[in-house]
Amino acid sequence: MLALQADARLQERIRLALRLGYASRILAPPVFASSWRELAELGALHPGAPALVDPGFQDRSDPNDSACSWASPRHWVETPLIRYCAAAAGPGKHGLTRGEGLSFVASLQVGQEDELNAIDAAILGYTDMRRARNLLARLEQTADPYTRRAFGRILELAIGAPPVGEVAARVGDSQRTFCRRCAALRIPSPKALVSLARIFTVERLSAWSGQPSGSVALALGFSDRANYRRLVRRNLGAPPSAIRNLGGADHVAEVILARLSGEQGR
């Protein structure tokens, strides 16, 4: 993971969160950039790596260094920027916050939202967002709008093991209404949707990090590797090794697209 922080205390907090948290099973120790230019260069070398940044960071050796000096907003698309400073703004539309002409996927405010587990969850949740964004973009073309919105909310929660009630609340429905709407749309049940989202998240992070899916599953809240294998078999009819041979996360994405179209709902 990447970071751009001048505050030594926050630098140490980031190191501690990564060292003690689940993200350490997937990511190497944090790399701290010394300028926006270096952060842009590191992001280009490591697409998908999240970056915890202070939007007000200023390189003392270069007063002209800024987020937009070395890269236009589109250059930051492959670097999920997480705003981490003393006065982080609340999320705006689509969960984004803005500053220095950039879009931030999340905000962590010092002293209020930066418990070590919150930093760890943010790092895990926003690593390699490209595959998830691509899947949701394809769902917009093939699935009912409600289905796409609901699955987007589920993907946001897929780092842990969210109960159906929590998912329904995020969608804006009661649990009973959510179940009924899934049945009416002929898509998988809420429980099955959560399972598919968790499998997709494990496999995409496994592909991105080069770590075995079992290790990634442990980082995402599974109690052991066997539980993940059983979940994959139950929902996809084959073990994780066979899924990887079929294309891994790309194969899981195709299964999700087919089932959420309503044609193979159950």
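As a starting point, this report considers the structure included with it. Everything numeric in this text was worked out from a predicted model, so none of it was measured. (Residues numbered from 1 in each chain as written. Predicted model: local features only at pLDDT ≥ 70, side-chain atom pairs only at ≥ 80, totals over all residues. Heavy atoms only, no water.)

Observations regarding helix H3 (residues 116-125)
Every buried residue belonging to H3 is among Ile-119, Asp-120, Ala-122, Ile-123 and Leu-124, and all of these are buried. The secondary structure elements touched by the buried residues of H3 are helix H1 (8-20), strand S3 (51-53), strand S4 (81-85), strand S7 (106-109), helix H8 (190-209) and helix H9 (213-219). (Buried < 20%, exposed > 50% of the residue type's maximum accessible area, 1.4 Å probe, protein only. Helix = DSSP H or I, 4+ residues; strand = E, 2+ residues; numbered from the N terminus. Contact = heavy atoms within 4.5 Å.)

Overview of a positive patch on the surface
Together, Arg-25, Lys-191, Arg-225, Arg-229, Arg-230, Arg-233 and Arg-234 give the surface a local cluster of positive charge. Here Arg-25 shows up in the loop between H1 and strand S2 (31-32). (Patch = residues over 30% accessible without salt bridge, like charges linked within 9 Å, V, L, I, M, F, W, Y side chains within 5 Å. Areas by Shrake-Rupley, 256 points an atom, 1.4 Å probe, with all protein chains shown as cover. Salt bridge = Lys/Arg side-chain N within 4 Å of Asp/Glu carboxyl O. Lys, Arg positive; Asp, Glu negative; His and termini not counted. Charge placed at Lys NZ, Arg CZ, Asp CG, Glu CD.)

What to know about the sheet that holds S3
One open sheet accounts for five strands, arranged S2-S1-S3-S4-S7; its pairing is parallel. Here the strands that pair on one side only, and so sit at the sheet edges, are S2 and S7. Of the pairings in the sheet, the one linking S3 to S4 comprises three bridges and is parallel in character. Its bridge partner being in S4, Ala-51 is matched across the sheet by Leu-81. In the packing of helix H2 (residues 36-45) onto the sheet, contacts are made with strand S1 (2-4), S2, S3 and S4, and the angle to S1 comes to roughly 170 degrees. (Pairing = 2+ DSSP bridges. Axes fitted to C-alpha atoms, helices over the stretch in contact; angles between N-to-C directions.)

Focus on the environment of Leu-27
On the secondary structure map, Leu-27 appears in the loop between H1 and S2. Expressed as a C-alpha distance, the spacing of Leu-27 and Ile-123, which sit 96 residues apart in the sequence, is 9.2 Å. In this structure, Leu-27 is in contact with Met-1, Leu-18, Ile-123, Thr-127 and Trp-208, ignoring residues within four places of it in sequence.

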